[in-house]
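Fold and geometry: a report
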Amino acid sequence: MSARGLSRARLDRMDHILSGYVERKEMPGLVALISHGDDVHVTAIGSMSFSRPEPMKRDTIFRIASITKPITAAAAMILVEECKLRLDESIEEWLPELADRRVLKSISSQLDDTVPALRPITLRDLLTLRMGFGSVMAMPDTYPIQRLIREYRIGGDGPPLPSHMIGKEEWLRRLGSLPWMAQPGERWMYHVGFDVLGVLIARVSGQSLGEFMRERLFDPLGMKDTAFHVPAEKIGRLPGIYFRNPGTGTLELFDDEANSAWAPEPAFESGGGGLVSTIDDYYAFCRMMLNKGRHGSRQILSRATVELMTSDQLAPGQREGAEIFFGGYRSWGFGMAVDLRRNEIFRTPGRFGWDGGFGTSAYTDPAERMIGILFTQRMMESPEPPKVFTDFWTLAYGAME
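Worth saying up front: this structure is predicted, and the values here are computed from it rather than measured.

**Quick look at the overall build of the protein chain**
- When helices and strands are counted, the protein chain shows eleven helices and 15 strands.
- Over its C-alpha atoms the protein chain spans a radius of gyration of 20 Å, differing by no more than 12% from the 21 Å that the globule rule assigns to 401 residues.
- If one aligns the C-alpha atoms of the protein chain with their principal axes, the spans along those axes are about 60 × 50 × 40 Å.
- In the protein chain, buried positions account for 56% of the 401 residues.

So this is what it looks like as structure tokens:
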């Protein structure tokens, strides 16, 4: 048994069970981290791809997908602390393309069957994903709006490939030409608000989103491998990533390092899901959040800001329609989920974090002083967590003394 909070025998059990996913060829490899107090355990299992024998390593660079969102929220809150943005003021000064919104009378309405928006969009709306536009949780072409979301490449309707994205100015223009699906502030709708937030951060800061994050978050936290693309000298550390073909049930390659969509600098830096990172880089960010914004001697965010970000920001009615994401046991803060009650071993009130569609999961439990991060190469098949996630979190909580 470790002297500082983690049981060696239970960690061995966790490594054994996670290894089973690789042995059964459900994924080529994974990297997992658990910290409890000062005790940190990291395990790297398997290989970089099914066709690549190089072993998975602690410094492997993963496409982290939607666990980009907490980082984007932190970047926005830096601008709030500097009084360059305010939570409840309109964003139209900075994003005039989104002024004078029209709202569909219902999700099934034709695109010209609209009413005026009752108020402008605010920064708080973006951070809480209540701007009135987002992912449509229905089969393709169920509703008229879905066709243009797909044709305009707005996102939120499937896994993103950064090399296929249009530039942020054209993206915002196209988004601004569409009607909203709900009134601003009315209800939570996934993803798109954080891509808008990334554009907002860039315009307010006068830098690209990546430059701002590098200067204000990544360099201060020592996150040396976190970025919106993988440069040539690091591309060998990027593993293949796989999805299950629903027709055949077999795993197929979605992206590899040889011709990766993450190799070139993207035309659009997605604040909703575009980052790559390593387990140690992301741990540095989580550790800062656990420590109420402090990293060493430096205060990256204020205590009050972190407490606001990691507290429930939704009324029950605003979660209606998002049960597949929240169930009845969690809600949303700024850029991340917040657990409201315990309904599993690993769901505890106040625990915060999120999952990424490319097979990533990262949560922090302030009451336990615990952080868990799991990076895999197997894409999620729905918003519900796959078995490897639930097994990891069950084992992580079981490993604490």
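After presenting the structure, the write-up continues.
**Notes on the packing of helix α2 (residues 69-81) against helix α6 (residues 192-205)**
- One can describe the packing of α2 onto α6 by two numbers: an axis separation of 10 Å at closest approach and a directional angle of 35°. Relative to α6, α2 is oriented so that their crossing is left-handed. In this structure, α2 contributes Lys69, Thr72, Ala73, Ala75, Ala76 and Leu79 to the contact, and α6 contributes Phe194, Leu197, Gly198, Ile201 and Val204.
- Looking at the contact of α2 with α6 residue by residue, the classes come out as eight nonpolar, two polar and one charged.

**Observations concerning the packing of aromatic side chains**
- Tallied over the full model, the rule gives 20 aromatic pairs.
- Relative to phenylalanine 325, the ring of tyrosine 190 has its centre 4.9 Å away and its plane inclined at 40°; by these criteria the two rings are tilted. Remark: phenylalanine 325 occurs in helix α10 (residues 323-326) and tyrosine 190 occurs in the loop between α5 (168-176) and α6; sequence separation between them is 135 residues.
- Judged by relative accessible area, which is 11%, tyrosine 190 ranks as buried.
- Looking at phenylalanine 325, the relative accessible area reads 8%, which means it is buried.
- An angle of 40° between the planes, with centres 5.9 Å apart, marks the rings of phenylalanine 254 and phenylalanine 358 as tilted. Note that phenylalanine 254 is positioned in strand β7 (residues 251-255) and phenylalanine 358 in the loop between β13 (352-356) and β14 (360-365), a separation of 104 residues in sequence.
- Classification of phenylalanine 254 by relative accessible area gives partly exposed; the value is 22%.

**Description of helix α4 (residues 144-151)**
- Along α4, the positions that sit buried rather than exposed are Ile145, Gln146, Leu148 and Ile149. One side of α4 carries all its buried residues, which in axial view fall inside an arc of 170°.
- Its buried side turned inward, α4 meets β4 (102-104).
- Directly after α4, the chain includes arginine 153, whose backbone phi takes a positive value near 55°.

**Digging into the nonpolar core**
- Core analysis: the biggest nonpolar cluster contains 118 residues, and Phe133, Trp171 and Leu175 have the highest contact counts within it.
- Residue contacts for leucine 175: discarding those within four places in its chain leaves Leu98, Arg101, Met131, Phe133, Ile154, Trp180, Val192 and Val196.

**Re the environment of serine 331**
- Within the secondary structure, serine 331 sits in strand β11 (residues 330-332).
- Spatially, the C-alpha atoms of serine 331 and isoleucine 149 are 26 Å apart, while their sequence positions differ by 182 residues.
- In contact with serine 331, other than residues within four places in its own chain, are Asp312, Leu314, Arg319, Phe326, Met336, Ala337, Val338 and Leu340.
- Here arginine 319 takes part through its side chain, which lies 3.0 Å from a polar atom of the side chain of serine 331.

**Points about the environment of threonine 348**
- Note on placement: threonine 348 falls in the loop between β12 (337-339) and β13.
- Between the C-alpha atoms of threonine 348 and alanine 74, which are 274 residues apart in sequence, the distance is 23 Å.
- Setting aside its immediate chain neighbours within four residues, threonine 348 contacts Asp339, Arg342, Asp365 and Tyr397.
- Reaching out from threonine 348, the side chain makes a polar contact with the side chain of aspartate 365 at a distance of 2.7 Å.

**Re α5**
- Where α5 is concerned, the buried positions are Trp171, Leu172, Arg174, Leu175 and Gly176.
- Looking at the buried side of α5, the elements it contacts are α4 and α6.

**Observations regarding the pairing of strand β2 (residues 39-46)**
- Here strand β1 (residues 29-36) pairs with β2 via eight bridges, running antiparallel. Note on β2: the bridge partner recorded for alanine 32 is threonine 43.
- Where β1 folds back on β2, the antiparallel hairpin that results is connected by two residues, among which glycine 37 adopts a positive phi of roughly 65°.

**Quick look at the sheet that holds β1**
- With antiparallel pairing, seven strands are arranged side by side in an open sheet as β2-β1-β15-β14-β13-β12-β11. Strand pairing shows two members of the sheet lacking a second neighbour, β2 and β11, which therefore form its edges. Taking each pair of neighbouring strands and ignoring which way they run, the sheet shows an average axis angle of 15°.
- Packing of helix α8 (residues 279-290) onto the sheet brings it into contact with β1, β2, β13, β14 and β15 (370-376), and relative to β15 it is tilted by some 155°.

**Section: unusual backbone geometry**
- Of note, the phi angle at aspartate 100 is positive, near 55°, even though the residue is not glycine.
- With respect to the helices and strands, aspartate 100 occurs in the loop between α2 and β4.

**Comments concerning the environment of glutamate 23**
- One can find glutamate 23 in helix α1 (residues 8-23).
- Placed 144 residues apart in sequence, glutamate 23 and glycine 167 show a C-alpha to C-alpha distance of 41 Å.

**Considering the pattern of salt bridges**
- Throughout the structure, instances matching the rule amount to 28 salt bridges.
- Here aspartate 255 and arginine 63 are joined by a salt bridge, their closest N and O atoms 2.9 Å apart. Taken together, the positions of aspartate 255 in strand β7 and arginine 63 in strand β3 (residues 62-63) put the pair 192 residues apart, joining distant regions of the chain.
- With a closest N to O distance of 3.1 Å, arginine 244 and glutamate 381 form a salt bridge. Remark: glutamate 381 occurs in the loop between β15 and α11 (387-398) and arginine 244 occurs in strand β6 (residues 241-244); sequence separation between them is 137 residues.
- Relative accessible area serves as the criterion here: at 32%, arginine 244 is assigned to the partly exposed category.
- Taken together, the shared-partner salt bridges in this structure form one network comprising Asp59, Asp225, Lys234 and Arg237.

Rules used throughout
Residues numbered from 1 in each chain as written. Predicted model: local features only at pLDDT ≥ 70, side-chain atom pairs only at ≥ 80, totals over all residues. Heavy atoms only, no water. Helix = DSSP H or I, 4+ residues; strand = E, 2+ residues; numbered from the N terminus. Rg over C-alpha atoms; globule rule 2.2 N^0.38 Å. Buried < 20%, exposed > 50% of the residue type's maximum accessible area, 1.4 Å probe, protein only. Axes fitted to C-alpha atoms, helices over the stretch in contact; angles between N-to-C directions. Left-handed = near helix turned anticlockwise from the far one by under 90°. Contact = heavy atoms within 4.5 Å. Nonpolar A, V, L, I, M, F, W, Y, C, P; charged D, E, K, R; others polar. Phe/Tyr/Trp six-rings, centres within 6.5 Å; stacked < 30°, edge-to-face > 60°. Arc of directions from axis to C-beta. Core = buried A, V, L, I, M, F, W, Y, C linked by side-chain atoms within 4.5 Å. Polar contact = N/O pair within 3.5 Å; in protein donor to acceptor, adjacent residues only side chain to side chain. Pairing = 2+ DSSP bridges. Salt bridge = Lys/Arg side-chain N within 4 Å of Asp/Glu carboxyl O.

Interpretation in functional terms is not warranted from these geometric data alone.
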